[in-house]
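# Per-entry structural report
Each chain, letter by letter, is given below.
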Amino acid sequence: MEIETLQQMAGQIRRDIVRMVHKAQSGHPGGSLGCTEYFVALYFEILRRKPVFEMDGHDEDLFFLSNGHISPVWYSTLARAGFFPVEELATFRQIDSRLQGHPATHEGLEGIRVASGSLGQGLSVAIGAALAKKLNQDPHLVYVLMGDGEQQEGQIWEAAMFAAHHKVDNLIATIDVNGQQIDGPVKEVMDLQDLAAKWKAFGWQVLEMEGNDLGEVIRTLRLAKGLTQREQPIVILMKTEMGFGVDFMVGTHKWHGIAPNDEELQKALAQLPATLGDFPIV
Amino acid sequence: MKQYEILGHQDTRSGFGAGLLELGQKNPKVVALCADLTGSLKMDAFKAAFPERFFQTGIAEANMMGLAAGLTIGGLIPYTGTFANFSTGRVYDQIRQSIAYSGKNVKICASHAGLTLGEDGATHQILEDIGLMKMLPHLTVINPCDYNQTKAATLAIAEYEGPVYLRFGRPKVPIFIPEDTPFEIGKALLLREGKHVSLFATGHLVWPALQAAEILAKENISAEVINFHTIKPLDETALLQSVQKTKCAVSAEEHQLNGGLGESLAQCLSRQFPCPLEMVGIHDSFGESGKPEALMQKYGLTCDHIAEAARQAIIRKRNAKPKAFKVHPVSQ
C-alpha cells in the first residue's frame, strides 16, 4: 500500500481507539495509540495472512499480543483488516461482546489465538507456535509484541533463554519501549537498565526502531524478516510515545488505563480526522 | 464379578513413559516437553526415539506451559512433564490464561504427586493439585491407579480434544488393572460389587480400597469398590447408582480433603442423594519426609483406615445420627 493510505488507516484506527475507550468508559488508550503504526505496518504491509481466520494458522504468518491491555488497537486493526465487522467495535468491554477487555479466544473472535492480559506469557506462546511451524515445515513467521513494563516478568527471560538455546529463528519479537507503566515511568518503578544489552546477552539479534515513524517501522520489520532463518531469534526495541497522536495523552502514564470524558473525546477527535468512516455508536 | 489380584509391581510414572513412547509411534502430532526431569518422568525413551519432537525447557515451568499452548496452535498435541507441584501451583496462572481459558489441547502430565514422593518432603509433596486443576473451567482431571491404567490414560487423552491434567506418582505400587481394560475418560470403573457400603477411590488408594473390602468381607460387610480415575468430569451416574444401593460411602485419595475427589462426591451427593460419606485423605496439613509406607500410615491413608471409615459410615447409616466429633491427629 501507499504510505499515505497507511497513514490514513493509522488515523482512523486512532479515532477508533479513542471512541471505543470513551464508549466503554474503560480501557487502555495510551499504549494503544503509541503502537498504532506497528499494527498498521504489520497487518497491512508485513503479515502474509489468509483472508479467513483459522485457529491453526497453517501456511500463514502469525501474530500474538502479549501485553493484552492494548486490545483497542488490535481490535480496530483486525476489524479494519476485515476479520470482523467494524460495527462490532462499539461493543468493546460491554456485556455479551466478543471484544473482551483483554483479548480472548473464548468468544470466538476472529484473529485471536490465545488469551492475554496477565503479563509475561505471550512470548512463550509465540515461541511454541514457532516451534510448531518448524515441525510442520511451514516457512511462515511468528510475530509477537510485548510491553516494556512487561519485561519485569520472570517468564519473559525463561522464554528468551529457551528461544536462543533452541535457535528459534522464525520469530520476530517487538518490545514497545514507551517508558511508562501503571505506577509511573519504568525507570522509576523498576529500571530495565540496558535492555538491548540484556537481550544480546541472552543470545538474540537486537534491532531498534522509532515506532511512531510508519516508514521506519515497515523498513525495520522488512529488515528483520531478512534476518530470520539464521539460527537466532530477533527482537526489535520499538521506541514509541504513549498516547501518540492525541497531544494531551502523549508521554504520560496517566493515560495508561483511563478513558477520556466527553470533552476530552472531542478534543482528541479534533486532532484525528476521520478517513475511512467511524463505526456507529449504538 | 472379576476378582482383582496383583499382577506385578511398577510405578505409575513408568506407565506414563510407556504410553508416551507408544503414542510417539502411533501419533505424529504428539510432542513432549520436559523441565529438567526427563528421567524422573520416564520420558527418556520418547526423547531417544523422537528427538525432534522432544523439547527440553530447562528449569523453567512457566515458559514450558506457554510453549505447550503455542504448539497446539500448529495442530500438535503437547505433553508437558514435571513434578505435580511444578505442574500446577507453580504455573497456575499460565495454565489458567494460556491453556484453560484459551481452550488449548495441552496434556499436563504430573509425576511425584502426593505423600508417596517420600523423602524429599513437603516442599515437593503437593496435596492440593487436584483441587487447583478441577477448579479451572474446561480442564479434565485424571488420577489413574496403577501402571496399566496410567499407560491407558496417557494414550486415551491424546484422542480427547481439550486440556487435561494427568496425575501419577513415584513409588512402585501393585499392578492390578488388566492390560486390556479399556480406559474411558469420565467413566468410573466398578471393581467389586457390594451391598453395605461404597468405597470410592482414586490413584494410589484404589488398591488399598480393594484390600479394605477384603478386610470388611471377613466381618460380613459387603463393600462395593469403584475406581474414580477421572475426578472431572465426575461420573455422577456411577456414584448415584452405587449409593442408591449401599446408602453410605467412603472416599479415599492421596490429596487434601479440601478440593479432592471426596469433595466432588460430597457436592453431588448433597444435591442428589444425601447419605453418610466418610472421607479418607489429608486433613489440612502439609506432608513431611519419610518412607512412603510410613507416611501413608501416619497420615491415615491405608487399607485399615479405609476399612475403619467404612465401619463408621455404616454406623452412621444405621443410627442416622452423627458420630462424636474427632480432630484428626495430624491436623492438630
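For the structure, check the block above.
Fair warning: this is a prediction, and the values are worked out from it, not measured in the lab.

### Some words on the overall build of chain A
In terms of regular secondary structure, chain A is built from 10 helices and seven strands. Taking 2.2 N^0.38 as the reference for a compact globule, 282 residues should give roughly 19 Å; the C-alpha atoms of chain A span a radius of gyration of 18 Å, in line with that estimate. Surface summary for chain A: the accessible area is close to 10,600 Å², and the carbon and sulfur share equals 51%. Averaging the locations of the 24 positively and 37 negatively charged side chains of chain A gives two centres separated by 3 Å.

### Section: the overall build of chain B
Scanning chain B from N- to C-terminus turns up 12 helices and 14 strands. For the C-alpha atoms alone, the extent of chain B along its principal axes is close to 60 × 40 × 35 Å. Out of the 332 residues belonging to chain B, those deemed buried represent 64%. Per element, the accessible surface of chain B, about 12,600 Å² overall, is 52% carbon and sulfur. With 33 positive and 33 negative side-chain charges, chain B shows a spacing of 4 Å between the two charge centroids.

### Section: unusual backbone geometry
Between B:K232 and B:P233 the backbone carries a cis peptide bond, its omega angle lying at 0°. One can find B:P233 in the loop between β12 (230–232) and α9 (236–246). One non-glycine residue, A:D96, adopts positive backbone phi at about 65°. Locating A:D96 in the fold gives a position in the loop between α4 (71–80) and α5 (122–135). Unlike most non-glycine residues, A:K167 shows phi in positive territory, near 55°. Within the secondary structure layout, A:K167 lies in the loop between α6 (154–165) and β3 (171–177).

### Some points on the pattern of salt bridges
Per the stated rule, a full pass over the model turns up 27 salt bridges over all chains. Its salt-bridge partner being A:K50, residue A:E54 comes within 3.2 Å of it at the nearest N-O pair. Judged by its relative accessible area of 23%, A:K50 falls in the partly exposed class. With its nearest N and O atoms 2.9 Å apart, the salt bridge here joins B:K26 to B:E22. Highlighted residues: B:K26 and B:E22, both in helix α1 (residues 12–26), separated by four residues, approximately one helical turn. Look at the salt bridges and you will find they share partners, linking A:R15, A:R19 and A:D278 into a network.

### Some points on the interface of chain B and chain A
Contacts between chain B and chain A engage 28 residues on the former and 32 residues on the latter. In terms of surface lost to chain A, no three residues of chain B exceed B:I73, B:Q97 and B:Y101, which account for 28% of the buried area on that side. On inspection of chain B and its partner chain A, the count reaches zero salt bridges. Of all elements in the fold, only β3 (54–56), α3 (61–73) and α5 (92–101) of chain B reach the threshold of two or more residues within the side of chain B that touches chain A. With 10 residues, the single largest contributor to the side of chain B that touches chain A is α3(B). Of the residues assigned to the side of chain B that touches chain A, the class counts are 10 nonpolar, 13 polar and five charged.

### Examining the sheet that holds strand β4 (residues 77–83) of chain B
Residues and elements named next belong to chain B. Overall, mixed pairing links the seven strands, which are arranged β3-β2-β4-β5-β7-β6-β12 in an open sheet. With partners counted over all chains shown, the strands left at the sheet margins are β3 and β12, one partner each. For this sheet, the mean inter-axis angle between neighbouring strands, taken without regard to orientation, is 20°. One ladder, built from five bridges, connects strand β2 (residues 30–34) with β4; its direction is parallel.

### Comments concerning the packing of helix α1 (residues 3–24) of chain A against α4(A)
All names here are of chain A. As a packed pair, α1 and α4 sit with axes 9 Å apart at the nearest point and diverge in direction by 125°. Between α1 and α4, the interaxial angle falls into the category oblique. Classified by chirality, the crossing of α4 by α1 is right-handed. Seen from α1, the contacting residues are M9, Q12, I13, D16, I17, M20 and V21; seen from α4, they are P72, V73, Y75, S76, T77 and R80. Its residues placed into classes, the contact of α1 with α4 shows eight nonpolar, three polar and two charged.

### Observations concerning the state of the cysteines
Structurally, a disulfide amounts to a covalent bond that connects the sulfur atoms of two cysteines. All names here are of chain B. Enumeration according to the criterion identifies zero disulfides over all chains in this entry. Here C34 is not cross-linked by a disulfide; its sulfur's nearest cysteine counterpart is in C109, at 11 Å. Judged by its relative accessible area of 0%, C34 is buried. Left without a disulfide partner, C275 is nearest to the cysteine sulfur of C248, which lies 7.1 Å away. Judged by relative accessible area, C275 falls into the buried class, the value being 18%.

### Digging into the sheet that holds strand β13 (residues 249–256) of chain B
Residue and element names in this part refer to chain B. Judged by pairing direction, the sheet is mixed, and its five strands sit side by side in the order β9-β11-β10-β13-β14 without closing on themselves. Single-partner strands in this sheet number two, and they are β9 (189–192) and β14 (277–282). Adjacent strand axes in the sheet meet at a mean angle of 25°, parallel and antiparallel pairs treated alike. Pairing geometry for strand β10 (residues 197–201) and strand β11 (residues 223–227), over five bridges, is parallel. Counted as the bridge partner of A201 is N227 from β11. On top of the sheet, helix α10 (residues 261–272) reaches β10, β13 and β14; it is set at about 160° to β14, its chief contact.

### A closer look at helix α3 (residues 36–46) of chain A
Across the 11 residues that make up α3(A), a large majority, 10, are buried. Along α3(A), the positions that sit buried rather than exposed are A:T36, A:E37, A:Y38, A:F39, A:V40, A:A41, A:L42, A:Y43, A:F44 and A:I46.

Cut-offs and rules
In every chain, residue numbers begin from 1 and rise along the written sequence. Ligands are numbered from 1 and chains lettered from A, in the order in which they are written. In view of the model being predicted, local features appear only for residues whose pLDDT reaches at least 70, and side-chain atom pairs are presented and counted only at 80 or more, with totals across whole chains, interfaces and linings using the full set of residues. To get the side-chain values, take all heavy atoms of the structure and skip hydrogens and water. Only DSSP runs of H or I reaching four residues or more are called helices, and only runs of E reaching two or more are called strands; each is numbered from the N terminus. Radius of gyration: over C-alpha atoms. The globule rule applied is 2.2 Å multiplied by the number of residues raised to the 0.38 power. For the accessible areas, the method is Shrake-Rupley and the probe is 1.4 Å, while residue cover comes only from the protein chains on display. For this count, His and the chain ends are skipped, Lys and Arg are scored as positive, and Asp and Glu as negative. Positions of charges follow a simple convention, taking NZ of Lys, CZ of Arg, CG of Asp or CD of Glu. We call a residue buried when its accessible area falls under 20% of the maximum for its residue type, exposed when it is over 50%, and partly exposed in between, using a 1.4 Å probe and counting protein chains only. A pair is scored as a salt bridge if a Lys or Arg side-chain nitrogen falls within 4 Å of a carboxyl oxygen belonging to Asp or Glu. Two residues qualify as a contact provided that any one of their heavy atoms is within 4.5 Å of a heavy atom in the partner residue. By convention, the term buried area covers the 1.4 Å-probe accessible surface removed from two parts as they join, with the contributions of both added. Three classes are used: nonpolar for Ala, Val, Leu, Ile, Met, Phe, Trp, Tyr, Cys and Pro, charged for Asp, Glu, Lys and Arg, and polar for all others, with Gly counted as polar. What makes two strands pair is DSSP finding at least two bridges between them. Working convention: axes come from line fits to C-alpha atoms, limited for helices to the stretch in contact. Angles between N-to-C directions cover 0 to 180 degrees. Each angle gets one of four labels, with under 35 degrees taken as roughly parallel, over 145 as roughly antiparallel, 65 to 115 as roughly perpendicular, and the rest as oblique. Helix crossings are classified by the rotation of the near helix relative to the far one: an anticlockwise turn of less than a right angle makes the crossing left-handed, while a clockwise turn makes it right-handed. The term disulfide is used for any two cysteine sulfur atoms that are within 2.5 Å.

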